[in-house]
Amino acid sequence: MSPLSPHSIKALERLRTYVPPPTIYSSLPMRRRAAVLLLLFADRAGDLRIVLTVRSASLRTFAGQVALPGGRADHTDETPVQTARREAYEEIGLPLDSHPFPSFFSVDHLTELPLSQAGTNISVRPCVAYLRDITEGQMADVEDNLMPKLDPKEVASVFTVPLERFLMNDYDDDGATQKLDGIPWYTGNWFNWGGKKWKNHEFQAPVWNGAKLLRYKVWGMTARVLVDAARIAYGRDPDFTSPKSIGDEDYIASCLAAGEMGESTRFGGSGKGQGNL
């Protein structure tokens, strides 16, 4: 793993020092609690990349869609970090503290973000962590030395994207990727639901499979969480219009107070903006 660039060092420090507002997570019914892991690592250029998964086609919800590793809480005493790490272990084989871990690496917990609302009426606590190379780049490289062990029942594949790109209108500074297939990196639209104005972000992540360029759509709750995390990390707003708030903590609190968190109604019934886990 290459040493972090000065830009990335500052981004990690902003995440590490970010203090989220008080959360109502522990007040939610257990069946409405979930957490995802935003796992960052340094690529060969020293830039921060985020690990994303493609959900198995056999899953009942959001099959084949892009997601962050994560899922629902197992019991009332399980913290969001414990849920996120357990799910990452089950889905992509990221070792838990109680399991053998490659000696070159460690996982540093950085922060948690405010709750976000998923399309299945589940409230999700994003947990941000950094996969650190303890050899300071002398012996280890994530992409070469820490291969994911996927659970095929849940995850079809894994890919990574530079985190800062989730603040940008274009994936490349010169638009080179879009010129290859004509597909823009970013599109978005506003919509109203539940008395609130929401922004549906859609990113078309480019992934090379040999000489073939593939595109994976990152959207819904996953995209909103990534934009929020990038805003905090890089200390600026995105190039496109986006809500000023981070997460949906206030909205979820109002739903809980109104007794709506026990309902099975899916978020954004029109299909627009449905979050994914």
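With an unreviewed UniProt entry as reference, the protein is termed Nudix hydrolase domain-containing protein, source organism Choiromyces venosus 120613-1.

### Digging into the overall build of the protein
Regarding its fold elements, the protein presents 6 helices and 11 strands. In the protein, of all internal contacts separated by at least 6 residues, the share reaching a separation of at least 24 is 67%. When the accessible surface of the protein is totalled, it reaches about 12,600 Å², and 51% of it is carbon and sulfur.

### Points about the nonpolar core
With 45 residues, the main nonpolar core has Leu40, Leu52, Phe166 and Val218 as its most contacted residues. Secondary structure elements with two or more residues in this core: helix H1 (6–17), strand S1 (33–42), strand S2 (48–55), strand S7 (123–133), strand S8 (155–162), strand S10 (196–209) and helix H5 (220–234). Among the elements that make up this core, the one with the highest residue count is H5 (10 residues). Not counting the four nearest positions on each side in its chain, leucine 52 is found in contact with Val66, Ala67, Leu68, Ser157, Val158, Phe159, Val161, Phe166, Val218, Thr222 and Leu226. By size, the runner-up hydrophobic cluster in this structure holds 14 residues, among which are Leu37, Ala88, Ile92 and Leu131.

### A look at the pattern of salt bridges
By the definition in use, this model includes 16 salt bridges. Notably, a salt bridge pairs aspartate 248 with lysine 196, separated by 3.1 Å at the nearest N-O pair. Of this pair, aspartate 248 sits in the loop between H5 and helix H6 (249–257) while lysine 196 sits in strand S10, and the two are 52 residues apart along the sequence. Several salt bridges share partner residues, and in doing so they unite Asp74, Glu78, Arg86, Glu87 and Glu90 into one network.

### A closer look at H5
The terminal C-alpha atoms of H5, which comprises 15 residues, lie 21 Å apart, in line with the 21 Å expected from a rise of 1.5 Å per residue. The positive-phi residue at the C-terminal boundary of H5 is glycine 235, with phi of around 65 degrees.

### A short note on the packing of H1 against H5
Their axes nearest at 7 Å, the elements H1 and H5 cross at an angle of 110 degrees. With respect to each other, H1 and H5 are oriented roughly perpendicular. Pair H1 / H5 crosses with right-handed handedness. Contacts between H1 and H5 involve His7, Lys10, Ala11, Arg14 and Leu15 from the first element and Ala229, Ile232, Ala233 and Tyr234 from the second. Class assignment for the residues of the contact of H1 with H5 results in 6 nonpolar, 1 polar and 2 charged.

### Focus on the pairing of strand S5 (residues 105–112)
In terms of residue burial, S5 counts as a mostly covered element, since 7 of its 8 residues are buried. Pairing between S5 and S7: 7 bridges, direction antiparallel. Within S7, the position partnered with threonine 111 by the bridge is valine 128.

### Concerning the environment of tyrosine 130
Along the polypeptide, tyrosine 130 turns up in strand S7. Residues tyrosine 130 and leucine 39, 91 residues apart in the sequence, show an inter-C-alpha distance of 5.8 Å.

### Notes on the sheet that holds strand S9 (residues 186–193)
The strand order S9-S10-S11 describes an open sheet built from 3 strands, whose pairing is antiparallel. Strands at the two margins of the open sheet, each flanked by one partner only, are S9 and strand S11 (212–219). With direction set aside, neighbouring strand axes in the sheet form an average angle of 25 degrees. The pairing of S9 with S10 spans 8 bridges and is classified as antiparallel. Bridge assignment links tyrosine 186 to a residue of S10, and that residue is phenylalanine 203. This element, H5, spans S10 and S11 of the sheet and lies at about 90 degrees to S10.

### Some words on the packing of aromatic side chains
What the rule picks out here adds up to 10 aromatic pairs. Seen from their ring centres, phenylalanine 159 and tyrosine 216 are 4.9 Å apart, and the 25 degrees between their planes marks the pair as stacked. With a gap of 57 residues between them, phenylalanine 159 in strand S8 and tyrosine 216 in strand S11 connect regions that are remote in the sequence. Aromatic pair tryptophan 185 and phenylalanine 203: ring centres 5.0 Å apart, planes at 45 degrees, arrangement tilted. Taken together, the residues span a long stretch of sequence, with tryptophan 185 in the loop between helix H4 (176–181) and S9 and phenylalanine 203 in strand S10 at a distance of 18 residues.

### A word on empty space enclosed by the protein
Sizing a probe to match a water molecule and rolling it over the atoms shows the empty space that remains. Under the defined criterion, the tally for this structure stands at 3 cavities of 30 Å³ or more. Contributing to the lining of the largest cavity are 14 residues, with Arg224, Asp228, Pro243, Ser245 and Asp248 lying nearest its centre. Broken down by secondary-structure element, the contributors of at least two residues to the lining of the largest cavity are S10 and H5. Classifying every residue of the lining of the largest cavity by side-chain character gives 3 nonpolar, 5 polar and 6 charged.

The rules behind the values
Residues numbered from 1 in each chain as written. Predicted model: local features only at pLDDT ≥ 70, side-chain atom pairs only at ≥ 80, totals over all residues. Heavy atoms only, no water. Helix = DSSP H or I, 4+ residues; strand = E, 2+ residues; numbered from the N terminus. Contact = heavy atoms within 4.5 Å. Areas by Shrake-Rupley, 256 points an atom, 1.4 Å probe, with all protein chains shown as cover. Core = buried A, V, L, I, M, F, W, Y, C linked by side-chain atoms within 4.5 Å. Buried < 20%, exposed > 50% of the residue type's maximum accessible area, 1.4 Å probe, protein only. Salt bridge = Lys/Arg side-chain N within 4 Å of Asp/Glu carboxyl O. Expected span 1.5 Å × (residues − 1). Axes fitted to C-alpha atoms, helices over the stretch in contact; angles between N-to-C directions. Parallel < 35°, antiparallel > 145°, perpendicular 65-115°, else oblique. Left-handed = near helix turned anticlockwise from the far one by under 90°. Nonpolar A, V, L, I, M, F, W, Y, C, P; charged D, E, K, R; others polar. Pairing = 2+ DSSP bridges. Phe/Tyr/Trp six-rings, centres within 6.5 Å; stacked < 30°, edge-to-face > 60°. 1 Å grid on protein atoms, 1.4 Å probe; cavity = no way out; pocket = protein on both sides within 12 Å on 5 of 7 lines; lining within 4 Å. Points joined across faces, edges and corners; volume = space filled by probe spheres on them.

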